[in-house]
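Chain by chain, the residues:
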Amino acid sequence: MANEPSASDEIDAKIAALGGWRGPMLGKLRALVREADPEIVEEVKWRKPANPSGVPTWTKSGILITGETYKAKVKLTFARGAQIDDPKGLFNASLDGGTRRAIDFREDDTVDAEGLKALVRAAVKANAKG
């Protein structure tokens, strides 16, 4: 419907509503995902009473990445992370899984912009291969 906010609008609102450092961090990560591949589509998934604003999700030929926020971290989970090379060693969470890999960003972390964009591009290629 025309009056319903777009997923991008909803993600904007979620970022604006996050307190402290998490909103700016999620915003920065989101911008890098979109820079890596402007054709990536933003969606919001997994709404529930405990998280009515849902989870920001970036897709292209399927789910690429989700962006979750917790008290002490912002987590980017790559749906097919186990299938992509991580030459800069950015993955630091969900390392034991057979499919996903994640990066936990904490308040004072520096973001390796080029390394993250390379992972996003690799995730797009992994999805395209199926």
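In this report, the structure presented in the accompanying data block is examined.

Thresholds, definitions, all that
Residues numbered from 1 in each chain as written. Predicted model: local features only at pLDDT ≥ 70, side-chain atom pairs only at ≥ 80, totals over all residues. Heavy atoms only, no water. Helix = DSSP H or I, 4+ residues; strand = E, 2+ residues; numbered from the N terminus. Rg over C-alpha atoms; globule rule 2.2 N^0.38 Å. Buried < 20%, exposed > 50% of the residue type's maximum accessible area, 1.4 Å probe, protein only. Contact = heavy atoms within 4.5 Å. Areas by Shrake-Rupley, 256 points an atom, 1.4 Å probe, with all protein chains shown as cover. Pairing = 2+ DSSP bridges. Axes fitted to C-alpha atoms, helices over the stretch in contact; angles between N-to-C directions. Salt bridge = Lys/Arg side-chain N within 4 Å of Asp/Glu carboxyl O.

Attention shifts here to the overall build of the protein chain. Looking only at helices and strands, one finds 3 helices and 5 strands in the protein chain. Counted from the first residue to the last, the protein chain has its helices and strands arranged as α-α-β-β-β-β-β-α. Taken over C-alpha atoms, the radius of gyration comes to 14 Å for the protein chain, in line with the 14 Å a tight globule of 130 residues would show. Its C-alpha atoms put the protein chain at 40 × 35 × 25 Å along the principal axes. Counting only residues that meet the buried cut, the protein chain has 42% of its 130 residues in that class. Contacts in the protein chain between residues at least 24 apart in sequence constitute 50% of all its contacts with a sequence separation of at least 6. Of the roughly 7,200 Å² of accessible surface on the protein chain, 50% is carried by carbon and sulfur atoms.

Relative to the helices and strands, A93 is located in the loop between β4 (74-78) and β5 (101-105). Aside from chain neighbours lying at most four places away, what touches A93 is K75, R101, A102 and D104.

Moving on to the sheet that holds strand β3 (residues 63-69). Strands in a sheet are paired, the pairing made by backbone hydrogen bonds, and the direction either parallel or antiparallel. The 5 strands lie next to each other as β1-β2-β3-β4-β5, forming an open sheet whose pairing is antiparallel. The sheet is open, and its two borders are formed by β1 (41-45) and β5, each paired with just one other strand. Ignoring which end each strand starts from, the neighbouring axes of this sheet average 20 degrees apart. Relative to strand β2 (residues 55-59), β1 runs antiparallel, the two sharing 5 bridges. Residue E42 lies in a different strand from β2, and its bridge partner there is W58.

What follows deals with the environment of K45. When you line up the elements, K45 lands in strand β1. Every residue in contact with K45, bar those within four places of it in the chain, is listed here: G54, V55, T57 and I63.

Next up on the list: the pattern of salt bridges. This model, assessed by the stated rule, comprises 12 salt bridges. Put simply, R30 and D12 hold a salt bridge, and the shortest N to O gap is 2.5 Å. Of this pair, R30 sits in helix α2 (residues 22-36) while D12 sits in helix α1 (residues 7-17); the two residues are 18 residues apart in sequence, bridging distant segments of the chain. For D12, a relative accessible area of 38% gives the class partly exposed. Between D112 and K88 there is a salt bridge; the shortest N-O distance is 3.5 Å. Taken together, the positions of D112 in the loop between β5 and α3 (113-129) and K88 in the loop between β4 and β5 put the pair 24 residues apart, joining distant regions of the chain.

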